[in-house]
Amino acid sequence: MANREELIKELYSNIVGDAPTPKDDGHRYHADTNTLTTGKTIELTESNHRHEIGLEKEQYAEIMMGVRDYFLCKDTDFQVGDVIAFRETAGFQLTGNDSLRTIKYVERNRDGLKDGYCIVSWK
């Protein structure tokens, strides 16, 4: 059986789509039940914005498991390349679990889509 770090690297590769670099750049791989990060921070460029969306546990779990890769929401000027921070809630309390996604596609002004709303998706 593979050791814990190898399993985490494989999981990271499956989620993100590329293998983490094997060099020791000071970042440690770690995982808990809801997140997987390399310890690196996401650099927001001038063209990127960060949006925060609170989700109940069921919706948050769908996103984390990859069951859902889109979200219907009020349009707050979402653009391709923007970052969405999904925050898990229990009632009106934040649980502390969150996940960052980069927007790959925004759908607006379609039949059946109410004015002021859009569908965002990520990879």
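First, a word on what this report is: a plain description of the structure on this page. Sequence positions are assigned chain by chain, starting from 1 and proceeding in written order. With pLDDT at 70 or above as the cut-off, local features in this predicted model cover only qualifying residues; side-chain atom pairs require 80 or more to be listed or tallied, and sums for whole chains, interfaces and linings still use all residues. Note that water and hydrogens are dropped before the side-chain values are worked out from all heavy atoms of the structure.

Read across the open sheet, the 5 strands follow the order 3-5-6-7-4; overall the sheet is mixed. Each end of this open sheet is capped by a strand with a single partner; those strands are strand 3 (50-56) and strand 4 (70-74). Between one strand axis and the next, the sheet turns through 45° on average, direction left out of account. By the convention used here, strands pair only if DSSP detects at least 2 bridges between them. Only DSSP runs of H or I with at least four residues qualify as helices, and only runs of E with at least two residues qualify as strands; both kinds are numbered from the N terminus onward. Two strands pair when backbone bridges link them, and strand 5 (residues 83-90) and strand 6 (residues 93-107) are joined in this way by 7 bridges, in the antiparallel orientation. Axes, fitted as lines to C-alpha atoms, cover a helix only where it is in contact. Angles between the N-to-C directions of the axes lie from 0 to 180 degrees.

What follows deals with the pairing of strand 3. On strand 3, burial follows the alternation: His51, Ile53 and Leu55 on one face are buried, whereas Arg50, Glu52, Gly54 and Glu56 on the facing-out side are not. Pairing of strand 3 with strand 5 involves 7 bridges; the strand directions are parallel. By the bridge assignment, His51 is partnered in strand 5 with Ile84. Three labels apply to residues, based on accessible area from a 1.4 Å probe with only protein chains included: buried if under 20% of the type maximum, exposed if over 50%, partly exposed otherwise in between.

By size, the foremost hydrophobic cluster in this structure holds 14 residues, and its most contacted members are Ile53, Phe71, Phe78, Phe86 and Val120. The set of elements that each furnish at least two residues to this core consists of strand 3, helix 2 (57-65), strand 4, strand 5, strand 6 and strand 7 (117-122). Among the elements that make up this core, the one with the highest residue count is strand 7 (3 residues). In this analysis, two residues are considered to be in contact whenever any of their non-hydrogen atoms come within 4.5 Å of each other. Those residues in contact with Phe86 that sit more than four places away from it in its chain are Ile53, Leu55, Tyr60, Ile63, Phe71, Asn97, Asp98, Ser99, Arg101 and Trp122. The definition of a nonpolar core used throughout is a set of buried Ala, Val, Leu, Ile, Met, Phe, Trp, Tyr and Cys residues joined through side-chain atoms within 4.5 Å.

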